[in-house]
There are 2 protein chains.
Amino acid sequence: MASPLRTGDLSRHHHILPAMPTSRTVFHTTPILPRGFTTASRNVGLKPTARDLALFVSEVDAAAAAVFTRNHFPGAPIILGRETIRRGVLRAIVVNSKVSNVATGERGVDDARQMATAAAAELGTSADRVLVSSTGVIGVRLPIGKIEAGLRGMSAELQGDPLVGAQGIMTTDTYPKAISASVGDAIISWVAKGSGMIEPNMATMLAYVFTDAALDATTLDTMLRTAVGESFNMLSVDSDTSTSDTCVIMANGLAGAVDHDAFQEALNIGCVRMTELLARDGEGATRLLRVHVRSAASDGEARRIAKSVVNSPLVKTMVHGADPNVGRLLMAVGKCFDCTVNPDTTDAWINGYQVVSGGLRLDFDEAIVRTALSADVVELEVALGVGNADTTAWGCDLTKGYIDENAAYYSS
Amino acid sequence: MASPLRTGDLSRHHHILPAMPTSRTVFHTTPILPRGFTTASRNVGLKPTARDLALFVSEVDAAAAAVFTRNHFPGAPIILGRETIRRGVLRAIVVNSKVSNVATGERGVDDARQMATAAAAELGTSADRVLVSSTGVIGVRLPIGKIEAGLRGMSAELQGDPLVGAQGIMTTDTYPKAISASVGDAIISWVAKGSGMIEPNMATMLAYVFTDAALDATTLDTMLRTAVGESFNMLSVDSDTSTSDTCVIMANGLAGAVDHDAFQEALNIGCVRMTELLARDGEGATRLLRVHVRSAASDGEARRIAKSVVNSPLVKTMVHGADPNVGRLLMAVGKCFDCTVNPDTTDAWINGYQVVSGGLRLDFDEAIVRTALSADVVELEVALGVGNADTTAWGCDLTKGYIDENAAYYSS
């Protein structure tokens, strides 16, 4: 039997959420699914006992859009998913965890197709309206028989708590992740999993966004790319990029039209919130890192520098140990050889406390910096003074927990 | 008193050295310095008891060349060193460990100049013939008074064992590193220290090459850049780039002319040998990683892909745990978005045992792969089948030891 859902767990992470303009967006205390959406999850024998298969279903056809990993070795579900999403219509998403169906060749694509067909049969729709995701070990054949058998009868278990679906897609996540918000009459829900191999384009990340707003597939595609660009794509746990990353949005229209600007704003905020939940729950993480880069020469340089800082093993271990070795911030900025960096105009702050001015380490109070680096959320801010581009990247500290999880991921 | 030198320690690392063409190069069992070179090291109070200051001296002026870090925040010794090396003549190198004199501004450059002046006074030469290096914590002022006092009388201790100098430049290295070889009548000696913040341009690496061959500064510069390009610059412990990297070569000519091709060959081989010693002694490392990329579309792409594999935390932890999760090799190749990668022509081997063919994970014997991944030297080979460019990169596994060393580097 699957372990009980820990719905209450999300609340302990609420304090890490950023203060953001939410004038038109109201987040729900307990996440819900929009009108017409339901989900179910089961253990079908891929994992010993934990839930390993999830369905997310709309009772009517939904407009849909998706973005996928840029890795050159995309998983079979990505190859199939790119074909499926071209039609811009989905009824369901079926996801298994434990085996990612990557590097499995044509047979893997056939397995993914069979998984879509089995889910479609169970739900009374067509396979080309079912998007498939798989996450887990690379290079192992999908146990398609277990999945087909496990899907049978699953439609009877569909219900409205997004955390039930979230639990079925977890790998090394420590808790299921779902949030939801209201924008006008519409609802948006986010269900996602992390939590290693995340960079720079959403690796080992599966994120599903559901809404009852009425939006066409082309509009959804533009909106999704905008939101992902400033949230999931600025998330990095370890600089590795998964072969399975997928972010899908489905809009079934049951709530009618919605103000596009308000929807985009809510979509952006929710994606950032989910990004922070994923970063904070990165493999072995004990801290959330927010890296703000300001006054860079261009957006591209701001992103590169922010990623360099958030990915630096020496910055990440400095934060983990709350060790005020702040020169490492300059090192991580300075190793972006092709970016415009002027030591004389480079300043840096840790949780608002300035530690570098004009490229020089200030004679700061070490106790203050140690306390700042020990906080649950550590904000590293670098102002370059060479332009007008600002950005934010998210990550986490590097700990022995990461080593433990990844030195025996396949074997455990 | 400093701890006794562990000269014999090097021998236990000899088994990791590669089989290379050494027809004209004879490496010495016990490293020596070339004619006219001497070294000394002392504890001058920067560290509690370990040696923290080293001198390397030629009895006559030597032609010299150097390459330095590309980090935008070079340490004060790098700023001064670029000026010093322009003349192409050196008599000595003075190095301190513990404090790197980085992010210390104009005062730091003055301190570095004072360090050169003090060493020159002790040795009876001019400050512009003394190259200064510092390695250690970033952003802390150099204790120049202790260094000046410590240098006094040090010339009386100059002697011929390169390991004595090597011990004075160590930070987190577990043993002093020096090797030497004969090429014709000439001798070449390498003295270096690692061992974190190494990538992609020799970070936290100090490497000094001494020879009694007669070669002019321009020739030395070309030869050094060639050797560094295929050795130290392909070394990565953690993807971070130090603000202090320095590689210097001094040639005092006491052995007369040398065959240039034979010298270049010996220089290349010695730099690769030293690269492997540094990689194997990377912070927390338990394995040496050699990543061979073959048949890439260009040299640049071969290097990018090799660095991506050798830097991937998921590949490094896979090796550490001897976990046959070989799909991670494809992930690390595939995340080089801008490189030419064709899954159908991608093959991979671990210590000569094929695990991937045509982008597919083979149904290999897991016990064999676990054994291969448990070896002291793990060779990861990827053939891309899209061109004619080959390269090799060096690194190490990622362990809890790395976290331990870097979560409290400043504080300890």
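Since we're looking at a predicted model, the values are computed, not measured.

## Remarks on the overall build of chain A
Then, number 1: Along chain A, the regular secondary structure elements total 11 helices and 15 strands.
Then, number 2: Long-range contacts, defined here as pairs at least 24 residues apart, represent 80% of the contacts in chain A between residues at least 6 apart.
Then, number 3: Carbon and sulfur atoms provide 50% of the accessible area of chain A, an area that totals close to 13000 Å².

## Points about the side chain of A:Gln264
Then, number 1: By secondary structure assignment, the location of A:Gln264 is in helix 6 (residues 260-280).
Then, number 2: Setting aside its immediate chain neighbours within four residues, A:Gln264 contacts A:Met223, A:Thr226 and A:Ala227.

## Remarks on the sheet that holds strand 14 (residues 377-383) of chain A
All names here are of chain A.
Then, number 1: Taken in spatial order, the six strands line up as 13-12-11-14-10-15 in an open sheet, and their pairing is mixed. Of all strands in the sheet, those bounded by a partner on one side alone are strand 13 (360-361) and strand 15 (389-396).
Then, number 2: With two bridges connecting them, strand 12 (residues 353-357) and strand 13 associate as antiparallel partners. Looking across to strand 13, one finds that Val-356 is bridged to Arg-361.
Then, number 3: In the packing of helix 7 (residues 299-311) onto the sheet, contacts are made with strand 10 (288-296), strand 14 and strand 15, and the angle to strand 15 comes to roughly 25°.

## Details of the sheet that holds strand 12 (residues 353-357) of chain B
Residues and elements named next belong to chain B.
Then, number 1: Taken in spatial order, the six strands make up an open sheet running 13-12-11-14-10-15, and their pairing is mixed. With one partner strand each, in any of the chains shown, strand 13 (360-361) and strand 15 (389-396) form the two edges of the open sheet.
Then, number 2: Sitting on the sheet, helix 6 (residues 260-280) touches strand 10 (288-296) and strand 15, and the angle it makes with strand 15 is about 40°.

## A look at the state of the cysteines
Residues and elements named next belong to chain B.
Then, number 1: Inspection of every chain in the model, using the stated rule, returns zero disulfides over all chains.
Then, number 2: Between Cys-247, a free cysteine, and Cys-271, which holds the nearest cysteine sulfur, the sulfur-to-sulfur gap is 5.8 Å.
Then, number 3: Note on Cys-247: relative accessible area 0%, which makes it buried.

## Side note on the pattern of salt bridges
Residue and element names in this part refer to chain A.
Then, number 1: Applying the stated rule across the entire model yields 32 salt bridges over all chains.
Then, number 2: With a shortest N-O distance of 3.7 Å, Arg-361 and Glu-366 are connected by a salt bridge.
Then, number 3: When its relative accessible area of 15% is taken as the criterion, Arg-361 is described as buried.
Then, number 4: Here Glu-366 falls in the partly exposed class, since its relative accessible area comes to 28%.
Then, number 5: Here the salt bridges share partners, and the residues they tie into one network are Asp-61, Arg-91 and Arg-129.

## Comments concerning unusual backbone geometry
Then, number 1: Of note, the phi angle at A:Lys98 is positive, near 95°, even though the residue is not glycine.
Then, number 2: Looking at the secondary structure, you find A:Lys98 in strand 4 (residues 89-99).
Then, number 3: Of the residues examined, A:Lys98 reaches a relative accessible area of 28% and is grouped as partly exposed.
Then, number 4: Here the phi dihedral of B:Ala322 falls at roughly 50°; this positive angle occurs in a residue that is not glycine.
Then, number 5: Topologically, B:Ala322 is positioned in the loop between helix 8 (313-320) and helix 9 (327-334).
Then, number 6: On the accessibility criterion, B:Ala322 (9% relative accessible area) is buried.

## Brief notes about the packing of helix 8 of chain B against helix 9 of chain B
Residue and element names in this part refer to chain B.
Then, number 1: Between helix 8 and helix 9, whose axes approach to 9 Å, the crossing angle comes to 160°. Overall, the two elements helix 8 and helix 9 adopt an arrangement that is roughly antiparallel. Two packed elements cross with a definite hand, and for helix 8 against helix 9 that hand is left-handed. On helix 9, the residues touching Leu-314, Val-315, Thr-317 and Met-318 of helix 8 are Arg-328, Leu-329, Met-331 and Ala-332.
Then, number 2: Looking at the contact of helix 8 with helix 9, its residues break down into six nonpolar, one polar and one charged.

## Considering the pairing of strand 3 (residues 53-68) of chain A
Residues and elements named next belong to chain A.
Then, number 1: In terms of burial, strand 3 is a largely internal element, 13 of the 16 residues being buried.
Then, number 2: Sheet analysis places strand 2 (residues 37-42) next to strand 3, joined by six bridges and oriented antiparallel. Directly across from Thr-38, in strand 3, lies its bridge partner Val-57.
Then, number 3: Where strand 3 lies against strand 4, seven bridges are found, and the strand directions are antiparallel. What sits directly across from Ala-62, in strand 4, is Leu-90.

## Looking at the confidence of the model for chain A
All names here are of chain A.
Then, number 1: Here chain A averages 87 in pLDDT, and 89% of its residues register 70 or above.
Then, number 2: Predicted confidence is poor over residues 1-19, with pLDDT under 50, and the contacts of this stretch with residues over four places away or in other chains come to 42 contacts.
Then, number 3: Every residue in residues 196-203 scores below 50 in pLDDT, and together they form 49 contacts with partners more than four places removed in sequence or on other chains.
Then, number 4: Here the predicted complex scores 0.79 on pTM and 0.72 on ipTM.

## Considering the packing of aromatic side chains
Then, number 1: Counted under the stated rule, the structure contains eight aromatic pairs over all chains.
Then, number 2: Where A:Phe27 meets A:Trp190, the ring centres are 5.9 Å apart and the plane angle is 25°; that geometry is what we call stacked. Here A:Trp190 lies in strand 7 (residues 186-193) and A:Phe27 lies in strand 1 (residues 26-27), a separation of 163 residues in the sequence.
Then, number 3: With a relative accessible area of 1%, A:Trp190 lands in the buried category.
Then, number 4: Arranged with centres 5.3 Å apart and planes meeting at 45°, the rings of B:Phe37 and B:Phe210 form a pair that is tilted. Here B:Phe37 is found in strand 2 (residues 37-42), whereas its partner B:Phe210 is found in strand 8 (residues 206-213), with 173 residues between them in sequence. Accessibility classification places B:Phe37 together with B:Phe210 in one group, the buried group.
Then, number 5: For the cation-ring pair, A:Arg273 lies above A:Phe27, with the distance from its terminal atom to the ring centre recorded as 3.9 Å.

## Thoughts on the packing of helix 5 (residues 217-229) of chain B against helix 6 of chain B
Helix packing geometry: the angle between the two helix axes and the distance between the axes.
Residues and elements named next belong to chain B.
Then, number 1: Two elements in contact, helix 5 and helix 6, have axes separated by 9 Å at closest approach and are oriented at 40°. Of the possible angle classes, the one that applies to helix 5 and helix 6 is oblique. When you trace helix 5 past helix 6, the crossing you get is right-handed. For the pair helix 5 and helix 6, the contacting residues are Thr-219, Met-223, Leu-224, Thr-226 and Ala-227 in the first and His-260, Phe-263, Gln-264, Leu-267, Asn-268 and Cys-271 in the second.
Then, number 2: Here the residues of the contact of helix 5 with helix 6 sort into six nonpolar, five polar and no charged.

## So, helix 10 (residues 366-373) of chain B
In an α-helix there are 3.6 residues to a turn, and that puts residues three or four apart on one side.
Residue and element names in this part refer to chain B.
Then, number 1: Residues of helix 10 that are buried: Val-369, Ala-372 and Leu-373. The buried residues of helix 10 all sit within an arc of 95° when viewed along its axis, so they share a single face.
Then, number 2: Among the structural elements, helix 8, strand 11 (347-350), strand 12 and strand 14 (377-383) are those in contact with the buried residues of helix 10.
Then, number 3: Capping the start of helix 10, Asp-365 holds a side-chain oxygen 2.9 Å from the backbone nitrogen of Ala-367, two or three residues further along.

## Looking at the environment of A:Arg328
Residue and element names in this part refer to chain A.
Then, number 1: Among the structural elements, Arg-328 can be located in helix 9 (residues 327-334).
Then, number 2: Of the residues examined, Arg-328 reaches a relative accessible area of 2% and is grouped as buried.
Then, number 3: For the pair Arg-328 and Val-99, spaced 229 residues apart in sequence, the C-alpha to C-alpha distance is 38 Å.

## A short note on helix 8 (residues 313-320) of chain A
Residues and elements named next belong to chain A.
Then, number 1: For helix 8, a buried count of seven out of eight residues is recorded, marking the element as mostly surrounded by other parts of the structure.
Then, number 2: Looking only at helix 8, the buried set comprises Pro-313, Leu-314, Val-315, Lys-316, Thr-317, Met-318 and Val-319.
Then, number 3: At the exit of helix 8 stands Ala-322, carrying a positive phi of roughly 50°.

## Quick notes on the side chain of B:Ser41
Residues and elements named next belong to chain B.
Then, number 1: Along the chain, Ser-41 falls in strand 2.
Then, number 2: Among the polar contacts listed, one links the side chain of Ser-41 to the side chain of Arg-51, at a separation of 3.1 Å.
Then, number 3: A polar contact is formed between the side chain of Ser-41 and the backbone oxygen of Val-164, at a distance of 2.7 Å.
Then, number 4: Aside from chain neighbours lying at most four places away, what touches Ser-41 is Arg-51, Leu-53, Ala-54, Met-154, Glu-157, Val-164, Gly-165 and Gly-168.

Here is what the cut-offs are and how they apply
Residues numbered from 1 in each chain as written. Chains lettered and ligands numbered in written order. Predicted model: local features only at pLDDT ≥ 70, side-chain atom pairs only at ≥ 80, totals over all residues. Heavy atoms only, no water. Helix = DSSP H or I, 4+ residues; strand = E, 2+ residues; numbered from the N terminus. Contact = heavy atoms within 4.5 Å. Areas by Shrake-Rupley, 256 points an atom, 1.4 Å probe, with all protein chains shown as cover. Pairing = 2+ DSSP bridges. Axes fitted to C-alpha atoms, helices over the stretch in contact; angles between N-to-C directions. Disulfide = S-S within 2.5 Å. Buried < 20%, exposed > 50% of the residue type's maximum accessible area, 1.4 Å probe, protein only. Salt bridge = Lys/Arg side-chain N within 4 Å of Asp/Glu carboxyl O. Parallel < 35°, antiparallel > 145°, perpendicular 65-115°, else oblique. Left-handed = near helix turned anticlockwise from the far one by under 90°. Nonpolar A, V, L, I, M, F, W, Y, C, P; charged D, E, K, R; others polar. pLDDT = per-residue confidence, 0-100. Phe/Tyr/Trp six-rings, centres within 6.5 Å; stacked < 30°, edge-to-face > 60°. Lys NZ or Arg CZ within 6 Å of the ring centre and 35° of its normal. Arc of directions from axis to C-beta. Polar contact = N/O pair within 3.5 Å; in protein donor to acceptor, adjacent residues only side chain to side chain.

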